[in-house]
Amino acid sequence: TLIAVSALAYSVCSLFISIQNVRMRVASVVRLNLLRSSLLLGSSSYLVPTYGIIGVGYAWLLTYGVIGAVVGILAKREDWI
């Protein structure tokens, strides 16, 4: 259920990356992927000892929630919204 809850934020992130790739804005894609991977790995390594394998689900939800917020800010800055 954790993955299902984060599906909206994941789809927003995937859509943003696809649009940025089409627009040839590779730097923003690289920065977003760097943020995403560091957040996911860092929060997973922090949550797994406490919650076990469910900690990865919590880390996934946290990561894509943050990335969804960042994408929303970037979209607002570029007047997409």
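Residues numbered from 1 in each chain as written. Predicted model: local features only at pLDDT ≥ 70, side-chain atom pairs only at ≥ 80, totals over all residues. Heavy atoms only, no water.

### Details of the pattern of salt bridges
Two side chains that carry opposite charge are able to pair once their charged atoms sit near each other. The test is simple: For this analysis, a salt bridge means a side-chain nitrogen from Lys or Arg found within 4 Å of a carboxyl oxygen belonging to Asp or Glu.
In the structure shown here, the tally under the stated rule is two salt bridges. Among the charged side chains, a salt-bridge network with shared partners connects Arg23, Arg25 and Glu78.

### Here we look at helix H2 (residues 7-22)
Note the cut-off: A run of DSSP states H or I qualifies as a helix once it reaches four residues; a run of E qualifies as a strand once it reaches two. Both are numbered from the N-terminal end. Helix span is expected to be 1.5 Å times the residue number reduced by one. Each residue is assigned to one of three classes by its accessible area relative to the maximum for its type, calculated with a 1.4 Å probe on protein chains only: buried under 20%, partly exposed between the two thresholds, exposed over 50%. Directions pointing from the helix axis toward each C-beta atom define the arc. Residues count as neighbours in contact if any of their non-hydrogen atoms are within 4.5 Å of one another.
End to end, H2 covers 23 Å across 16 residues, agreeing with the expected 22 Å (1.5 Å per residue, within 8%). Buried residues of H2: Ala9, Cys13, Phe16, Ile17 and Gln20, and no others. Relative to the axis of H2, the buried residues are bounded by an arc of 100° and lie together on one face. Exposed residues lying more than 90 degrees from the buried face of H2 are Leu8, Leu15 and Val22. Contacts from the buried residues of H2 go to helix H3 (26-51) and helix H4 (54-77). Of the residues flanking the end of H2, it is Met24, one or two places downstream, whose phi is positive at about 65°.

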